[in-house]
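# Descriptive structure summary
Spelled out from the first residue to the last, the chains are:
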Amino acid sequence: MACNPEVLKHVPLFALLDDDETAILAGQVELRTFVPRQRIYKIGDPGERAYVMVSGVVRVTTVDQDQQEVVVDEPAHGEFFGFASMLEQTPHQTNAIALEETVCLEVDRHDIATLLQRKPLAGMDMLTVLGRQFHASQQLVRLRAMRNANEIIEQEATFGERIADVVAGFGGSWTFIITFLTVLIVYTLLQIFLRGRAWDPYPFILLNLFLSMLAAIQAPVIMMSQNRQDTKDRLRGELDFDVNRRAEAEIQGLARKVNHLTDKLGDIEDLLRGNAVPE
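Residues numbered from 1 in each chain as written. Predicted model: local features only at pLDDT ≥ 70, side-chain atom pairs only at ≥ 80, totals over all residues. Heavy atoms only, no water.

Inspection of the entire model under this criterion finds seven aromatic pairs. Pairing Phe 176 with Phe 180 gives two aromatic rings, centres 5.6 Å apart and planes at 15°, and the pair type is stacked. Here Phe 176 and its partner Phe 180 are both found in helix 8 (residues 174-194), four residues apart, which amounts to about one turn of the helix. Given a relative accessible area of 18%, Phe 176 falls into the buried group. Judged by centre distance (6.1 Å) and plane angle (75°), the rings of Tyr 187 and Trp 199 are edge-to-face. (Phe/Tyr/Trp six-rings, centres within 6.5 Å; stacked < 30°, edge-to-face > 60°. Helix = DSSP H or I, 4+ residues; strand = E, 2+ residues; numbered from the N terminus. Buried < 20%, exposed > 50% of the residue type's maximum accessible area, 1.4 Å probe, protein only.)

Let us look at the sheet that holds strand 3 (residues 49-55). Across the sheet, which stays open at both edges, the four strands sit in the order 1-8-3-6 with antiparallel pairing between neighbours. On the outer flanks of this sheet lie strand 1 (30-34) and strand 6 (80-81), each paired with one strand and no other. Taken together, the six bridges between strand 3 and strand 8 (residues 102-108) define a ladder with antiparallel strand orientation. Within strand 8, the residue paired with Ser 55 across the bridge is Val 103. (Pairing = 2+ DSSP bridges.)

Once that is clear, we can look at the pattern of salt bridges. One pass over the full model with this rule turns up four salt bridges. In this structure, the salt-bridge partner of Glu 106 is Arg 32, at a minimum N-O distance of 2.7 Å. Taken together, the positions of Glu 106 in strand 8 and Arg 32 in strand 1 put the pair 74 residues apart, joining distant regions of the chain. On the accessibility criterion, Glu 106 (10% relative accessible area) is buried. A salt bridge links Glu 74 to Arg 59; the shortest N-O distance between them is 3.1 Å. (Salt bridge = Lys/Arg side-chain N within 4 Å of Asp/Glu carboxyl O.)

Here we come to the nonpolar core. Ranked by size, the top nonpolar core spans 17 residues in total, and within it Leu 8, Val 29, Val 52, Phe 83 and Leu 105 carry the most contacts. For this core, the secondary structure elements donating two or more residues are helix 2 (19-26), strand 3, helix 3 (83-88) and strand 8. (Core = buried A, V, L, I, M, F, W, Y, C linked by side-chain atoms within 4.5 Å.)

Any functional reading would require information that these geometric values do not contain.
Okay, here's the thing in structure tokens:
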């Protein structure tokens, strides 16, 4: 079906084109209509054509490393999908399905080439819009990237915080306890053995002073390490929440698919009953 040039003016990718450029492109592209649940393209299909939303609803998905379906985009009116594969002439990396009756503009490389041959400057306008879409895709990748709580904490840790972790780790180990007890026992036995020549006789005032100083320094250092541990636990909780929310969304998606299949099976059963020939 031929395309009206007015339709192209509402497409962001072509919004910067002038009237002549729009008219040339309108003579090349076609309007396609898709019925509900019709697959527009799937992963691995040749990326010969791209599409621009005119009306309806389309869901663009992909499959991640966990073999889970991930919604990449639900293009609104005037937005496009499948352009990267069309421009690179590579197989599609996503699936596109019409959720309801949908009308799209179908564009191929020949259409774009014809426009650029006649109006070369139109390419800069299109590149400007594609750059915006590329940045949006980068943001999506950053948001979906899984973060390791330990790596994030270590990257942001200061030198003092690293020292606090080392001190707290050593102070809470059996090595410190055994070493500390050994030093205390040796120190007290030595003072008792020296008797009148001891520099810190009973009740070991100098030793008490050192122990008090050690406790005064060690306590805030351990508290610093505990605060960092609380930060790690809070970050892990946020990441677990994101994972659980994603799992819930995937389960809901599976439930929708099961319900849709159940409805379709019911329709088929009704159709078979209606076509059954009585004996």
